[in-house]
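Chain and residue survey
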Amino acid sequence: MSHREQYKGIVSGILSGDSMIIRFIDPQIVAIQNVCLEHLIAPKYGKTDGNIRDEPHAYESWNFLRNLCIGQPVLVSPPTNKSTLTRTHPAFGKMPVIFTRVSLRSRNNADVGLICVEAGWVRIRSPRNRDSYVNSLLAGEASAKSKKIGIWRPNGFIRPLPVHYEANDLLAIGEFNAVVETVINGTTVALFLIPHHEHIIFQIAACRSPSAKRDNSAQFGSEARQFTVKNFLHRSTKVRLCSANREGLFMGTILDRSDRAIRNLIAEGLAR
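Throughout what follows, the structure given in this document is the object of discussion.

Below, the discussion takes up the overall build of the protein. From N to C terminus, the protein includes 6 helices and 15 strands. Since a compact globule built from 272 residues should have a radius of gyration of about 19 Å, the 20 Å found for the protein is in line with a globular shape. Across its three principal directions, the C-alpha atoms of the protein cover 55 × 45 × 30 Å. When burial is assessed residue by residue, the protein has 47% of its 272 residues classed as buried.

Before going further, it helps to examine unusual backbone geometry. Leaving glycine out, the prevailing phi sign among residues is negative, and the prevailing peptide bond configuration is trans. Residue P162 is reached from L161 by a cis peptide bond, and omega for that bond is -10°. With respect to the secondary-structure elements, P162 resides in the loop between α3 (132-147) and α4 (167-173). I194 connects to P195 through a cis peptide bond whose omega is 20°. Relative to the elements of secondary structure, P195 occurs in the loop between β12 (188-194) and β13 (198-204). The phi dihedral of H39 is positive, around 75°, even though this residue is not glycine. Considering the arrangement of structural elements, one finds H39 in the loop between β3 (32-37) and β4 (40-41). What makes H39 partly exposed here is its relative accessible area of 23%. Look at K148: it is not a glycine, yet its phi comes out positive at around 55°.

This brings us to the sheet that holds strand β8 (residues 102-104). What the 8 strands build is an open sheet, ordered β6-β7-β3-β2-β1-β5-β8-β9; its pairing is mixed. Every interior strand has two partners, whereas the edge strands, β6 (86-89) and β9 (110-111), have only one. Where strand β1 (residues 7-16) meets strand β5 (residues 73-76), 4 bridges bridge the pair, whose relative direction is antiparallel. The partner of G9 across the bridge, within β5, is V74. Helix α1 (residues 58-69) rests against β1, β2 (19-24) and β8 of the sheet, and its axis sits at about 150° to β1.

On to the packing of helix α5 (residues 221-232) against helix α6 (residues 259-267). Look at α5 against α6: their axes get within 10 Å of each other, and the N-to-C directions meet at 160°. In terms of their interaxial angle, α5 and α6 are classed as roughly antiparallel. In this structure, α5 meets α6 at a crossing whose hand is right-handed. Residues A224, F227, T228, N231 and F232 of α5 lie in contact with α6, whose contacting residues are A261, I262, N264 and L265. For the contact of α5 with α6, a count of residues per class yields 6 nonpolar, 3 polar and no charged.

The next subject is the environment of T100. Note on placement: T100 falls in strand β7 (residues 93-100). The spatial distance from the C-alpha of T100 to the C-alpha of K8 is 14 Å, given a sequence separation of 92 residues. Those residues in contact with T100 that sit more than four places away from it in its chain are V35, C36, L37, E38, V76, S77, P78 and P79. From its side chain, T100 meets the backbone oxygen of S77 in a polar contact 2.5 Å long.

Below, the discussion takes up the side chain of R159. Mapped onto the elements, R159 comes out in the loop between α3 and α4. Classification of R159 as buried rests on a relative accessible area of 3%. The residues contacting R159, other than those within four sequence positions of it, are Y45, G46, R53, D54, Y59, F192 and H197.

Turning next to helix α2 (residues 112-119). Burial analysis of α2 places 6 of its 8 residues in the buried class, the great majority of the element. After α2 finishes, the residue G120 shows a positive phi value of roughly 90°.

Reading around the circumference, β11-β12-β13-β15-β14 is the order of the 5 strands in this closed barrel, with mixed pairing throughout. Put simply, the sheet's adjacent strands are angled 55° from each other on average, direction ignored. One ladder, built from 6 bridges, connects β12 with β13; its direction is antiparallel. Bridging from a neighbouring strand, F192 pairs with H199 of β13. Contacts from α5 reach β11 (175-185), β12 and β15 (249-254) within the one sheet, and its direction differs from that of β11 by about 140°.

In this section: the packing of aromatic side chains. Scanning the model with the defined rule gives 4 aromatic pairs in all. Taken together, a centroid distance of 6.1 Å and an interplanar angle of 75° make the contact between Y59 and F157 edge-to-face. Of this pair, Y59 sits in helix α1 while F157 is found in the loop between α3 and α4, placing the two residues 98 residues apart along the sequence. Given the relative accessible area of 12%, Y59 is considered buried. Judged by relative accessible area, which is 32%, F157 ranks as partly exposed. For R101, the ring lying beneath its charged end belongs to Y133, and the centroid distance is 3.8 Å. Positioned above the aromatic ring of F192 is the side chain of R159, whose terminal nitrogen or guanidinium carbon lies 5.4 Å from the ring centre.

Quick notes on the rules
For every chain, the first residue of its written sequence is number 1, and the numbers climb from 1 along that sequence. Where local features are concerned, this predicted model is filtered to residues with pLDDT of at least 70; where side-chain atom pairs are given and counted, the filter is 80 or more; whole-chain, interface and lining totals use all residues. Excluding hydrogens and water, the side-chain figures rest on all heavy atoms present in the structure. Helix and strand labels come from DSSP, where a helix needs a run of H or I of at least four residues and a strand needs a run of E of at least two; each type is numbered from the N terminus. The quantity called the radius of gyration is restricted to C-alpha atoms. Its globule counterpart is 2.2 Å times the number of residues to the power 0.38. Burial here depends on accessible area, computed with a 1.4 Å probe over protein chains only, as a share of the maximum for the residue type. Under 20% is buried, over 50% is exposed, and the range in between is partly exposed. Note on pairing: two strands pair once DSSP finds at least 2 bridges between them. Contacts: residue pairs with any heavy atoms within 4.5 Å of one another. Helix axes use the C-alpha atoms of the stretch in contact, all axes being lines fitted to C-alpha atoms, and the angles between their N-to-C directions lie in the range 0 to 180 degrees. Should an angle fall under 35 degrees it is taken as roughly parallel, and over 145 as roughly antiparallel, whereas 65 to 115 is taken as roughly perpendicular and any remaining angle as oblique. By the definition used in this description, the sense in which the near helix is turned from the far one sets the handedness, with an anticlockwise turn below a right angle giving left-handed and a clockwise turn giving right-handed. By the convention adopted, Pro, Cys, Tyr, Trp, Phe, Met, Ile, Leu, Val and Ala count as nonpolar, Lys, Arg, Asp and Glu as charged, and the other residues, Gly among them, as polar. In protein, a polar contact means a hydrogen-donor-capable atom and an acceptor-capable atom, both N or O and within 3.5 Å, with residues adjacent in sequence counting only if both atoms are side-chain atoms; elsewhere, any N or O pair within 3.5 Å suffices. Pairing of aromatic side chains here covers Phe, Tyr and the six-membered ring of Trp, requires ring centres within 6.5 Å, and sorts the geometry by plane angle: under 30 degrees stacked, over 60 edge-to-face, intermediate tilted. Whether a charge sits over a ring depends on NZ of Lys or CZ of Arg being within 6 Å of the ring centre and within 35 degrees of the ring normal.

This is the structure:
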């Protein structure tokens, strides 16, 4: 990012309450970047297997930013300081990491960092210099602290990952709200079932896309996976679990409007 005007992008993933993956529209810059909110830090978001546990409030902080931004058009300010940091994500590969400000276009270009501070889901890193923006963040943090909201509440929620379950118990319940944790191929995703955060592999019944191997040996496999990443990653959905095999793979149907994306996947010739 070399020139000073803001860049247009779409929020394609949420890594924590202060960090997102943005797919940029401007062809002059790296298309996928990990954008961290300038001056801010959120509780550490843990790993699916529980080897790295959530810090208190981490899930709620992540979920606040997810509900606020996922799939939304944003404006990103060029960072004031260059960074050589990179981060690797299974859906996007190696990405540059930058620290800057993000504005949410659907909210009249409101500053995302300030929204998160005022809601209490992030805290401020010790700023080297004070300017009008930092002062507004500090005022928002002071307000959230006084109201004891967000991370300033005691006894922050920690997901008990991994959550153990019996497949038959989940099948007996049948329908769940869920959040897509990752995308395996165009018609297979990993889900967190809400509210207890069981982590399952879910294949959409009655359709199948090519496997998405790293060597791209399956024709259209990577294209199908990226289509589903754009439409499902970190999105909320509702599913019905219909069956499960011995390996723990669940099959079922999507019950909400996100099913349209799968119909479009088929229409584009990326699934049968």
